[in-house]
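One letter stands for each residue in the lines below.
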Amino acid sequence: LDPTNQAELARKTAADSTLKVRIGDLERLGPSKEVLKKLDQLTTFDSKRLNLLERDILELAASGKLPAARDKFDGEYLAARGAEAALMDDLEHASQSDKDAAVASAARNQSRARVTSAILIVVVLLCGFLISMHLAGRIAAPIVAATENLKRMSNGDLSGRMVTNANDEIGE
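Asks: Explain the side chain of Glu84 residue by residue, including any values.
Replies: Of note, Glu84 is situated in helix 3 (residues 66–154). Judged by its relative accessible area of 6%, Glu84 is buried.

Asks: Could you give me a rundown of helix 3, with the residues and numbers involved?
Replies: With 89 residues, helix 3 extends 125 Å between its outermost C-alpha atoms, agreeing within 8% with the 132 Å of an ideal straight helix rising 1.5 Å per residue. When the local axis directions of helix 3 are compared, the greatest deviation, roughly 35 degrees, occurs at Phe73. Taken together, the buried positions of helix 3 are Ala69, Phe73, Tyr77, Ala80, Glu84, Leu87, Leu91, Ala94, Ala146 and Asn149.

Asks: Give me the lowdown on the pattern of salt bridges, citing residues and values where you can.
Replies: Applying the stated criterion across every chain yields a total of 7 salt bridges. Between Arg28 and Asp25 there is a salt bridge, with the nearest N and O atoms lying 2.3 Å from each other. Pair noted here: Arg28 and Asp25 are both in helix 1 (residues 6–28), with a separation of 3 residues, about one helical turn. Relative accessible area serves as the criterion here: at 63%, Arg28 is assigned to the exposed category. Among the residues examined, Asp25 registers a relative accessible area of 38% and is labelled partly exposed. One salt bridge in this structure joins Glu84 and Arg81, with 3.3 Å as the shortest N-O distance. Here Glu84 pairs with Arg81, and both are found in helix 3, just 3 residues apart, close to one helical turn. Since its relative accessible area comes to 36%, Arg81 is described here as partly exposed. Here the salt bridges share partners, and the residues they tie into one network are Arg55, Asp56, Glu59 and Lys72.

Parameters at a glance
Residues numbered from 1 in each chain as written. Predicted model: local features only at pLDDT ≥ 70, side-chain atom pairs only at ≥ 80, totals over all residues. Heavy atoms only, no water. Helix = DSSP H or I, 4+ residues; strand = E, 2+ residues; numbered from the N terminus. Buried < 20%, exposed > 50% of the residue type's maximum accessible area, 1.4 Å probe, protein only. Expected span 1.5 Å × (residues − 1). Bend = angle between axes of the 7 residues up to and from the residue. Salt bridge = Lys/Arg side-chain N within 4 Å of Asp/Glu carboxyl O.

This is the structure in structure tokens:
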């Protein structure tokens, strides 16, 4: 790490900023307690271990102690970055578990919605069929009675009477 290298300092600042944004995005998604625990471990490790090591290395390099800065970088810092990578892997696995659970829940909800929709469609069609049968019966009953009376009249039996309670064309 060269303290005079502005590109390296900008990279470090951008990486820290990106990490904070991604952690904020993840926290807004309402993750499980396991994911929140892993996030806390990662942010604590980054702020209390990595950032301090980076600052120490840059201070050593700025004060001209380049071999000490290089040794600290090659030893402690690279090992800490490896530990951070392991924490990120753990976080990724926990997040993937949350994602898999959410996808499974969405699939169950979709399946329930399909079944509910199918049942609703069948009920609506059945109700429509029953209503149409009832209406057809109400329309057909007086017509059948009139047909029977007209058949008797055509055979000469004029004693038949049509009784109706309707006020429509057939009832008049």
